[in-house]
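So the chains spell out like this:
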Amino acid sequence: MLGAQAGSTVPGRINIGPAEFETFLAIAELGSFSKAAEHLSLAQPSISNRVQRLERAVRTRLFERTTRAVVLTSAGERLRDRVEPLIRDLRSVIEEFCSEAGLRSQSVVVATTPMLATVLLPPIINRFARINPAAQVELRDQVTPELASQIRTGHVDFAILARRVPIEGVEFELVTADRFMVVGPRGHPLLADGLVSVRELARHPFMLLAAYKAPLGGLSAQAAAQGFDLSAARTATNVSTLLGLVSEGLGLTLLPGMVLSLGGIIDDSRFDVAELEGTVLTREYGIASLAGHVWSVTAKAFAALVRTELLAHSSNERPKVTSG
């Protein structure tokens, strides 16, 4: 088998790139190597080298130098006619992708649980849109196991959630620890003093949001150790449903103070709120993101606003306690 001679060109192999063609077109348009060098912000030797590489690749002379200008040969004119649309299309492709990247840099994809998506995010997104009218916020509400998958696969910039068990490869930034408050129908005598003990709570029908079974499990165990039962008579998966049951006098419940202060879900004419006496139950909220994730400017700005709102609405500032 005969091998290729040293220095020969492999058939079909392209040894030049867009830079050589771009330089060729600049010289053809401006009629000068020096003007092309200035136009492309290059040194003139670089321009000459690119032309030489191109001429070697096409194996023909492309320019003729006269006393007044540099003009195309007939082969050069033919090459210009073929190359101009290619370079124009290439520039269009690059501009298209750069434009899309610019749009992506002005967008942020955020995930959170259905409850937080209902009561926390809408007012934050509204405020962010007023501050950054060009930015786009995509909100995804999912249960916590699905949120972990969204973070790990990079489908979201970050998630807002309550800390549970550590998630491999995911960083959790604690923003605030929010206290659970007792919520009952307006005028309920147990909430009149603004304080409710676990024993008193156990004497009344008790309802619970399904998502809080785990964090409130310790409270049930504490009640059992004291000889009374705090197991939930009913559970609900949606906070609005739970509050609907409470407002009808079907029982009392426990909710984080932040949930009560956001989204307008607590109507003073329908509910009373009190602190849990002798026991401090908290729910930690924060921002979870993929370790090493590169944050866009827009994502950073939205996360900063989320931190501010979480701190402002957590029950570090006690929710208003009303009485009948």
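Going by the structure above, here's the rest.
Each value, and the rule that gives it
- Residues numbered from 1 in each chain as written.
- Predicted model: local features only at pLDDT ≥ 70, side-chain atom pairs only at ≥ 80, totals over all residues.
- Heavy atoms only, no water.
- Helix = DSSP H or I, 4+ residues; strand = E, 2+ residues; numbered from the N terminus.
- Buried < 20%, exposed > 50% of the residue type's maximum accessible area, 1.4 Å probe, protein only.
- Contact = heavy atoms within 4.5 Å.
- Areas by Shrake-Rupley, 256 points an atom, 1.4 Å probe, with all protein chains shown as cover.
- Expected span 1.5 Å × (residues − 1).
- Arc of directions from axis to C-beta.
- Lys, Arg positive; Asp, Glu negative; His and termini not counted.
- Salt bridge = Lys/Arg side-chain N within 4 Å of Asp/Glu carboxyl O.
- Polar contact = N/O pair within 3.5 Å; in protein donor to acceptor, adjacent residues only side chain to side chain.
- Phe/Tyr/Trp six-rings, centres within 6.5 Å; stacked < 30°, edge-to-face > 60°.
- Lys NZ or Arg CZ within 6 Å of the ring centre and 35° of its normal.
- Pairing = 2+ DSSP bridges.

Draft legend 1. Structural detail: the overall build of the protein chain. When helices and strands are counted, the protein chain shows 12 helices and 12 strands. A burial count over the protein chain gives 40% of its 324 residues as buried. Put simply, of all contacts in the protein chain between residues at least 6 apart along the chain, 78% involve residues at least 24 apart. Of the roughly 17900 Å² of accessible surface on the protein chain, a fraction of 51% belongs to carbon and sulfur atoms.

Draft legend 2. Looking closely at unusual backbone geometry. Here serine 41, not a glycine, exhibits a phi torsion of approximately 55°, which is positive. With respect to the helices and strands, the residue serine 41 is situated in the loop between α2 (33–39) and α3 (44–58). Classification of serine 41 as exposed rests on a relative accessible area of 65%. Residue arginine 59 is not a glycine yet carries a positive backbone phi of 60°. Among the secondary structure elements, arginine 59 is positioned in the loop between α3 and β1 (63–65).

Draft legend 3. Summary view of the environment of leucine 311. Following the sequence through the fold, leucine 311 ends up in helix α12 (residues 297–313). Classification of leucine 311 by relative accessible area gives partly exposed; the value is 43%. Distance in space between the C-alpha atoms of leucine 311 and valine 175 is 7.1 Å, their sequence separation being 136 residues. With near-sequence residues (within four places) excluded, leucine 311 lies in contact with Val175 and Thr176.

Draft legend 4. Region of interest: α12. Here α12 spans 25 Å end to end across 17 residues, near enough to the 24 Å set by a 1.5 Å rise per residue. All of the buried residues in α12 are Thr298, Ala299, Phe302, Ala303, Leu305, Val306, Glu309 and Leu310. Taken down its axis, α12 places every buried residue within 160° of arc, on the same side.

Draft legend 5. Representation of the side chain of aspartate 157 within the structure. Inspection of the secondary structure assignment puts aspartate 157 in the loop between α7 (144–152) and β5 (158–162). Among buried Asp, Glu, Lys and Arg side chains, aspartate 157 stands out as unpaired, with arginine 140 the closest opposite charge at 8.7 Å. Within the structure, aspartate 157 has its side chain in polar contact with the side chain of histidine 293 (distance 3.4 Å).

Draft legend 6. Expanded view of the packing of aromatic side chains. This model, assessed by the stated rule, comprises 6 aromatic pairs. Consider the rings of phenylalanine 128 and phenylalanine 302, whose centres lie 5.0 Å apart with planes at 80°: the pair is edge-to-face. On the criterion of sequence distance, the pair formed by phenylalanine 128 in helix α6 (residues 121–131) and phenylalanine 302 in helix α12 is long-range, its members being 174 residues apart. Here phenylalanine 128 and phenylalanine 302 have matching classes, each one buried. Residues phenylalanine 180 and tyrosine 212 carry aromatic rings whose centres are separated by 5.2 Å and whose planes lie at 90° to one another, so their mutual orientation is edge-to-face. Of this pair, phenylalanine 180 sits in strand β6 (residues 170–185) while tyrosine 212 is found in the loop between β8 (207–209) and α9 (217–225), placing the two residues 32 residues apart along the sequence. Across this residue pair, the class does not change: phenylalanine 180 and tyrosine 212 are buried. Feature note: the residues Phe128, Phe158, Trp295 and Phe302 constitute an aromatic cluster, connected by ring pairs. Seen from the ring of phenylalanine 33, arginine 65 lies directly overhead, with NZ or CZ sitting 4.5 Å from the centre.

Draft legend 7. Structural context of the pairing of strand β11 (residues 271–277). Among the 7 residues in β11, 6 count as buried, and that is most of the element. Relative to β11, β6 is paired through 5 bridges, and the arrangement is antiparallel. When the sheet's bridge partners are listed, glycine 184 is paired in β11 with aspartate 272. As judged from the 3 bridges shared by strand β7 (residues 195–197) and β11, these two strands associate in the parallel manner. The residue of β11 that forms the bridge with serine 197 is glutamate 277.

Draft legend 8. Fine view of the pattern of salt bridges. Under the counting rule described, the total for this entry stands at 7 salt bridges. Two residues, arginine 140 and glutamate 138, come together in a salt bridge whose shortest N-O distance is 3.0 Å. Exposure remark for glutamate 138: the relative accessible area of 38% places this residue in the partly exposed category. Measuring nitrogen to oxygen at the nearest pair gives 3.1 Å for the salt bridge that ties aspartate 272 to arginine 186. You can see aspartate 272 sitting in strand β11 and its partner arginine 186 sitting in the loop between β6 and β7, a full 86 residues away along the chain. Among the residues examined, aspartate 272 registers a relative accessible area of 0% and is labelled buried.

Draft legend 9. Molecular detail of the side chain of glutamate 55. In this fold, glutamate 55 is placed in helix α3. No salt bridge forms around the buried glutamate 55; measuring N to O, its nearest opposite-charge neighbour arginine 61 is 5.0 Å away. Look past the residues within four positions of glutamate 55 in its chain and what remains in contact with it is Thr60, Arg61, Leu62 and Phe63.

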